[in-house]
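Spelled out from the first residue to the last, the chains are:
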Amino acid sequence: TTQLQVILVRPESYESASEIATQLRERKAVLLNLEGTDQKLSRRMVDFLSGCAYALDGKLKKVAAAAYLITPYNVEIVGDLMSELENNKDMYF
């Protein structure tokens, strides 16, 4: 059986975008943390990686203010994490 892998990434430069795209091509999900990243770099990363996800029949979903879950075609994202977090007042981050 194949095990799903989720790669956690906090890019510091645009050069890491191609490495992330390679992970998607290898059917690994990527959690992209852009917290504290320059706004221009964040926009470029999201633009490029959303194009990669589209080309590979994958998905890109915003899961937090500065975090995105990018999944290959064989992974389905179910539920709405943002509304769950907003509605659950007992959770602290």
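Scope of this entry: the structure provided in the associated data block.

Criteria and cut-off values
- Residues numbered from 1 in each chain as written.
- Predicted model: local features only at pLDDT ≥ 70, side-chain atom pairs only at ≥ 80, totals over all residues.
- Heavy atoms only, no water.
- Pairing = 2+ DSSP bridges.
- Helix = DSSP H or I, 4+ residues; strand = E, 2+ residues; numbered from the N terminus.
- Buried < 20%, exposed > 50% of the residue type's maximum accessible area, 1.4 Å probe, protein only.

Direction of pairing for strand β3 (residues 59–64) relative to strand β4 (residues 67–71): antiparallel, over a ladder of five bridges. The residue bridging K59 from the neighbouring strand is T71, located in β4. In this structure, the hairpin formed by β3 and β4 is closed by a connection of two residues.

Okay, unusual backbone geometry next. Notably, R27 is not glycine yet its phi reads approximately 60°, a positive angle. The residue R27 is located in the loop between α1 (16–25) and β2 (29–33) in this model. At D57, a residue that is not glycine, the phi angle is positive and equals roughly 60°. Since its relative accessible area comes to 59%, D57 is described here as exposed.

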